[in-house]
Amino acid sequence: MSRRKEFGMYLAVFAGLLALLWLMLVFAAAIPNAALRGNMEQSALSYREKEGFSFENGSRWNAISDNYADAILLNVSWNMGEGNPLVSSLDTKYYDGEAFGESIGLYLAVTDENTVPNTDYTRYWHGTAVFVRLMHLVTDVNGMKLAGMAAAVLFLLITALLLVKRGHYALTGVLLLSVASVQIWNIRLSMEYQPAFIICFLFCPMYLWLEKRTDVGLVSLSVAGGVLIAFFDFLTTETVALLLPLILVVTVRAEENRLGSLRDNVWLMVKCGIAWLLAYAGTFFVKWTAVSAVTGENKYRAAVSSVGERIGGSLQGEGSDQFLVRVPEAVAANLSALFGGESRVDMMRMFAGLAISVLVLGSLFYLFHKKRSGTAAVLLALLGSVVIVRYAVLNNHSYLHSFFTYRALVSPIMALLAGMSLSMHFPIPKKKGAHR
C-alpha cells in the first residue's frame, strides 16, 4: 500500500468514526428529557447529600469515589436534552449549584424547570452522555455503574480467553495480575473511571487479531483508539487505550518468535503512538472548532487555558511550585495511591510497597532467569515509560488527581511483568508418562 493510500485510510478512520460518534451524541440529545426524568431524578437524589469526593475504603486514596465528576457528567447530559440537539450536543454546559456545589446543582437542574445552566464545559466531548441518556430510559446512575463495570470485565475476560486459546498462559496471568494491582474493581465507584478501561479491553482482542495480519491495521486501530478515548474519557487514564494493547502485541510476538528487529518494532510503536496522539488531539480540535462555529464564540481560549492549568497550574496550596520538584511529587502521589496510601503522598507506604515489590520480583528473576533476546525488553521498557512521561508533562493534573490517574500504572506494571515472564522459566514437572 502506498503512503498516500495509507494516510487516506487513517484519515477516513478518523473522520468516519468521529462523525458516527457525534451522530450518536445528537441522537441521544434528541431523546426528550421527559422520558428520562424519573430515573434522572433518582440519580440526582442519590448525589444530593454526597460530598464531591468520598472515601469508600477507610482513608485509602485508591478507593475515592469521584461524585463531583459524575454529578457534572449527569448535569451536562441532562442539559443536552434542551434545545436543538445538533447545537446542545456541542455547546455543552451545566448548572454548578453556585454556593451549594455541583451535587445540589444537579438536583436543581433536573427538578427545577427554572434552573438554567451557568457553566461552560465545551472543552470535552462528554461522549459518555450517549449512554447516560440511553440508559436513563431504563435505570439510574447505580445501574449504569454496574453496566459499565460489567462491560469492562466482559472485555477483559474475552482478552484473557483469547490469550489462553493461543496458549499464552503466563501472559494471561500477567494481564490479570496487572489489572488487579491497580484495584480494577474500584472503577465501579464512578462512571468517569470506566470508559478508558472499557475502550482498552475492547481494543485488546482487536490488536491481537490484527497483529498477525497487518501492521497498517494496528496503526488504524491506534487512530480509532485515539478518537474514542478523546470522545469518552475526561483525562483519567487515557494512555491505557494504546499502551496495554501494544504491550500484548509485543509480548505475544516475542513468545511466538515473530518479533523481528528492534528498529522495525520501534518504528511501528512510533507510528502507532503518533497516530493515536494526532487522533486524540484532532478529536479535541474538531470539538473546539465545531462549537466555536455553532456558538459564534472562541472556545479555543478556555480550552487551551485548561490544558495549561493541567501542565503547570496551581497545586491548591499543596506541593511545590518548582517543576523539578513537582514532577517527582506527581509520580510519588500516584505510587502512594497504588500501594494503598492514606494521604496524597504517603512516603512510608510508597517505599514499603516498592521495597517489597523489588524483593519479591528480584528474587523470582534471580531464581528463574533465562537468557533471552533484549528486543522485547527494550520495547516493553519504552512502552511502560510513557506513563511516567505523562505524569511529568501533566504534573499538576497527575498530582491533584492521583486517586484515579494512578490506575494508568497498569501499563508499566504489565510491561515489567511481561518482560520478566519472557526472561524466566519455571521448572514445572511433567506428569508421569507424558510425552513431548
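Residues numbered from 1 in each chain as written. Predicted model: local features only at pLDDT ≥ 70, side-chain atom pairs only at ≥ 80, totals over all residues. Heavy atoms only, no water.

Looking now at the layout of surface pockets. Approximately 960 Å³ is the volume found for the largest pocket. Together, 34 residues line the largest pocket, and E238, W276, L277, Y280 and L394 are the ones closest to its centre. Those elements that place two or more of their residues in the lining of the largest pocket are α11 (240-255), α12 (262-295), α13 (300-312) and α16 (375-393). Here the lining of the largest pocket is composed, by residue class, of 26 nonpolar, four polar and four charged. By volume, the second largest pocket is sized at about 820 Å³. Surrounding the second largest pocket, 32 residues form its lining, S357, L361, P412, I413 and L416 being those nearest its centre. Tallying contributions element by element places helix α15 (residues 347-368) first for the lining of the second largest pocket, with nine residues. Residues of the lining of the second largest pocket, tallied by class, amount to 22 nonpolar, nine polar and one charged. (1 Å grid on protein atoms, 1.4 Å probe; cavity = no way out; pocket = protein on both sides within 12 Å on 5 of 7 lines; lining within 4 Å. Points joined across faces, edges and corners; volume = space filled by probe spheres on them. Helix = DSSP H or I, 4+ residues; strand = E, 2+ residues; numbered from the N terminus. Nonpolar A, V, L, I, M, F, W, Y, C, P; charged D, E, K, R; others polar.)

Once that is clear, we can look at the side chain of S220. By the secondary structure assignment, S220 is in helix α10 (residues 215-232). The exposure class of S220 is buried, given its relative accessible area of 11%. Once residues lying within four places of it in the same chain are set aside, the contact partners of S220 are M9, Y10 and V13. (Buried < 20%, exposed > 50% of the residue type's maximum accessible area, 1.4 Å probe, protein only. Contact = heavy atoms within 4.5 Å.)

Looking now at the nonpolar core. Formed by 109 residues in total, the largest nonpolar core has its most connected members in L171, F201, Y207, V250 and M414. Look past the residues within four positions of M414 in its chain and what remains in contact with it is L171, V174, L175, S178, L244, I247 and L248. The next biggest cluster of nonpolar side chains, apart from the first, holds 17 residues, and it includes A44, L106, A109 and M144. (Core = buried A, V, L, I, M, F, W, Y, C linked by side-chain atoms within 4.5 Å.)

This paragraph deals with the side chain of T172. Checked against the element boundaries, T172 lands in helix α8 (residues 169-181). Leave out the neighbours within four places in its chain, and T172 touches A160, L163 and V164.

Before going further, it helps to spend a moment on helix α1 (residues 3-29). In an α-helix, one turn spans 3.6 residues, which is why side chains three or four residues apart end up on the same side. With 27 residues, α1 ought to run about 39 Å at 1.5 Å a step, and its terminal C-alpha atoms sit 39 Å apart, in line with that. For α1, the elements touching its buried residues are α4 (85-88), α6 (129-135), α10 and α12. (Expected span 1.5 Å × (residues − 1).)

Within the secondary structure, A281 is located in helix α12. Under the relative-accessibility criterion, A281 is labelled partly exposed at 29%.

In the structure shown here, the tally under the stated rule is two cavities of 30 Å³ or more. One number sums up the size of the largest cavity: a volume of about 60 Å³. Lining of the largest cavity is provided by L73, Y121, Y124, H126, T128, E192, F232, D233 and F234. Classifying every residue of the lining of the largest cavity by side-chain character gives five nonpolar, two polar and two charged.

Of note in the backbone geometry, E98 takes a positive phi value of approximately 50° without being a glycine. Mapped onto the secondary structure, E98 falls in the loop between β3 (93-94) and α5 (102-111). What makes E98 exposed here is its relative accessible area of 55%. Of note, N257 is a non-glycine position whose phi angle comes to about 55°, a positive value. Its location among the elements puts N257 in the loop between α11 and α12.

On to the packing of α12 against α16, then. In the contact formed by α12 and α16, the axes pass within 10 Å of each other and the chain directions differ by 20°. Judged on the interaxial angle alone, α16 and α12 are roughly parallel. As for how α12 packs across α16, the hand of that crossing is right-handed. Together, L262, N265, V266 and M269 of α12 and T375, V378, L379, L382 and L383 of α16 make up the contact between the two elements. Residue composition of the contact of α12 with α16, grouped by class: seven nonpolar, two polar and no charged. (Axes fitted to C-alpha atoms, helices over the stretch in contact; angles between N-to-C directions. Parallel < 35°, antiparallel > 145°, perpendicular 65-115°, else oblique. Left-handed = near helix turned anticlockwise from the far one by under 90°.)

For the rest of this paragraph, the subject is the packing of aromatic side chains. The final tally for this structure, using the stated rule, is 21 aromatic pairs. Here the aromatic rings of F231 and F232 are separated by 5.0 Å at their centres, their planes lie at 80°, and the arrangement is edge-to-face. The class of F231 is buried, set by a relative accessible area of 0%. For F232, a relative accessible area of 11% gives the class buried. For the ring pair F284 and W288, a centre distance of 5.9 Å and an interplane angle of 45° mean the geometry is tilted. Here F284 pairs with W288, and both are found in helix α12, just four residues apart, close to one helical turn. Under the relative-accessibility criterion, F284 is labelled buried at 9%. According to the relative accessible area criterion, W288 is buried, its value standing at 7%. A cation over a ring is seen here: K287 above W125, with NZ or CZ 5.7 Å from the ring centre. (Phe/Tyr/Trp six-rings, centres within 6.5 Å; stacked < 30°, edge-to-face > 60°. Lys NZ or Arg CZ within 6 Å of the ring centre and 35° of its normal.)

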